[in-house]
Amino acid sequence: MKNIFIIFFGGILLYRIWSRIRSKTTTPLPLGTLGWPIIGETLEFISSAYSDQPESFMNRRRLKYGKVFKSHLFGSATVISTDAEVSKFILQSDARTFVPSYPSSLTELMGKSSILLINGSLQRRVHGLIGAFFKSPNLKAQITGDMEKYLQESMDSWKDDQLIYIQDVAKNITFHVLVKALISLDPGAEMELLQKHFQEFIAGLMSLPINLPGSQLYRSLQAKKRMVKLVHKILRERRKNCTLSAPKDVVDVLLSDGSKQLTVDLISDNMIDLMIPGEDSVPILMTLAIKYLSSCPRALHQLMEENMNLRRTKIQLGEPLRWTDYMSLSFTQNVITETLRMGNIIIGVMRKAMKDVEIKGQLIPKGWCVFAYFRSVHLDESTYDWPHQFNPWRWQDKDMGTCNFTPFGGGQRLCPGLDLARLEASIFLHHLVTQFRWIAEDDSIVHFPTVRMKRKMPIWVIRRRIPTEL
Ligand code: HEM
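Residues numbered from 1 in each chain as written. Predicted model: local features only at pLDDT ≥ 70, side-chain atom pairs only at ≥ 80, totals over all residues. Heavy atoms only, no water.

Under an unreviewed UniProt entry, the chain has the name Cytochrome P450 and belongs to Aquilegia coerulea. Comment text from UniProt for the chain, heading Cofactor (unreviewed entry), reads "heme". Per its UniProt entry, the chain bears the Subcellular location (unreviewed entry) comment "Membrane". (UniProt positions renumbered as here; feature names shortened; annotations may be inferred.)

Right, dumping it as structure tokens:
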């Protein structure tokens, strides 16, 4: 018996040693350098990310080592992929190969049960429930009505020759619209308080991992606690007044799941995390579109014509605009696609290898991080002519579903809010270009830690005299 054990475990040990030696000798690590002890190349990466040429860190290494190279970022040995096919492989792998891995401040604030961090069947369940709800025509109609209402209320207060900060306007509107879709909270005092706490919470997502009184992470965690309290209150009320009618928001969708996997903590963590695109990604998409359009008069003119035509047709038919109308505007969609390509609102995604992985003849060792960096792919001149030029016409009759265009990620974690983001941006552009002309002030894009405008995109607005211009 003892001998069988020795042979069995000895065999396993030998096999492991042999496969380790084999993988080390036959599959090389990507080229590159790990930089300084502990900090690696993090400071160089961050200083390049803050600069007005954020891809310079990647470009220098791409030239030296090729599209996949090794580095050491945020405390981990990391393989960086700026190669569309390798990034596709990373996105499409499941939790047996790669799991999400983000800086510790982000992980601590989001909570362990955040959809961005959970894996396997639980992630698929939450993703499926949220994704199906976000796709529903009823929700899209509700979002359209809310967007139109909040936007019109804001625009009605604009005076001729007034300076409007597009980033602030867009953030305010999209946050309110999304929070309504998540927890059915209407604008008012409670919403204002929630937004204030949320801004404190989000400020800590990329902060130093120091949780001491006075630090940003500490303040953000306190803000999260207050938001969790509010969401718990809403959950308790919903459970009390539980009905069998169709879910009216994401809380209803998650509460009605029969699997018992979705705890109160999981639901409240995710409700708060799901507010991030309302304060960050979606309003930034709108703001960047205005930035790019302001320096491309031909595109702005064509966008305005397309939207004026739709408006004219709807007035003649005496019909309101529906969400399908906004989504059917082909040039408007091309403007949004081009903004996503150039803007790189999410620069990439980070994962950790659960086992040794071999891709295109290179090794990603178990335990290493991988950073699928979309920005380099979206600005690669071998795929996109004049990649730094805003050119919505490049998308005419072009397939977007390739691995060279992944602003919303891909695979099992493909962004479930992608249609909503496009819909909200279309509504915003439609009402802005059909009701106003503007002159933009100078402003520049800040790329780190999140993409935003340095001066919040100030524009001088002039109302169009609609009846004569239609
Ligand atoms: C311009 C707007 C947006 C951009 C650029 C964007 C981008 C992304 C990307 C790249 C991912 C993949 C993350 C990964 O693979 O780890 C993602 C995931 C996700 N997005 Fe978005 N997103 C946007 C808007 C939205 C909206 C409006 C919502 C809805 C509330 C949303 C909800 C989510 C969720 C829940 C996930 C996690 C999916 C999962 O891990 O299963 N996003 N998004």
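Structure shown, so let's carry the discussion forward.
Further remarks concern the UniProt feature "binding site: heme" (unreviewed entry) in the chain. Using the residue numbers shown here, the UniProt feature "binding site: heme" (unreviewed entry) corresponds to Cys-415. The residue Cys-415 is located in the loop between α18 (374-378) and α19 (418-435) in this model. (Helix = DSSP H or I, 4+ residues; strand = E, 2+ residues; numbered from the N terminus.)

Let's shift gears to the site of the ligand. Surveying the vicinity of the ligand reveals 23 residues, the closest of which are Gln-123, His-127, Arg-351, Arg-413 and Cys-415. The separation between an oxygen atom of the ligand and a polar side-chain atom of His-127 is 2.6 Å. Residue Arg-351 places a side-chain N or O atom 2.8 Å away from an oxygen atom belonging to the ligand. Listed by contribution, the elements that provide at least two residues to the shell around the ligand are α6 (120-135), α14 (281-294) and β5 (348-353). Of the residues that constitute the shell around the ligand, the class distribution is 16 nonpolar, five polar and two charged. (Near = heavy atom within 4 Å. Polar contact = N/O pair within 3.5 Å; in protein donor to acceptor, adjacent residues only side chain to side chain. Nonpolar A, V, L, I, M, F, W, Y, C, P; charged D, E, K, R; others polar.)

Once that is clear, we can look at the sheet that holds strand β3 (residues 98-100). Strand order in the open sheet formed by five strands is β1-β2-β8-β5-β3, and the pairing between neighbours is mixed. Two strands lie at the open edges of the sheet, namely β1 (68-73) and β3, each paired on one side alone. Taking the axes of each pair of neighbouring strands and ignoring which way they run, one obtains an average angle of 35 degrees across the sheet. Where strand β2 (residues 76-81) meets strand β8 (residues 369-373), four bridges bridge the pair, whose relative direction is parallel. Its bridge partner lying in β8, Val-79 is registered against Val-370. Taken strand by strand, helix α4 (residues 84-92) contacts β1, β2, β3, β5 and β8, and its axis lies near 120 degrees from that of β8. (Pairing = 2+ DSSP bridges. Axes fitted to C-alpha atoms, helices over the stretch in contact; angles between N-to-C directions. Contact = heavy atoms within 4.5 Å.)

Moving on to the nonpolar core. In terms of nonpolar packing, the biggest core is built from 103 residues, with Ile-183 and Met-271 touching the most fellow members. Ranked by residues supplied to this core, first place goes to helix α8 (residues 166-183) with 11 residues. With near-sequence residues (within four places) excluded, Ile-183 lies in contact with Leu-194, Ile-234, Arg-238, Asp-249, Val-251, Met-271 and Met-275. The next biggest cluster of nonpolar side chains, apart from the first, holds 16 residues, and it includes Val-68, Ile-359, Trp-368 and Val-370. (Core = buried A, V, L, I, M, F, W, Y, C linked by side-chain atoms within 4.5 Å. Buried < 20%, exposed > 50% of the residue type's maximum accessible area, 1.4 Å probe, protein only.)

Here the focus is the environment of Lys-88. In this fold, Lys-88 is placed in helix α4. A relative accessible area of 40% places Lys-88 in the partly exposed class. Between the C-alpha atom of Lys-88 and that of Thr-406, which follows or precedes it by 318 residues, the distance is 8.8 Å.

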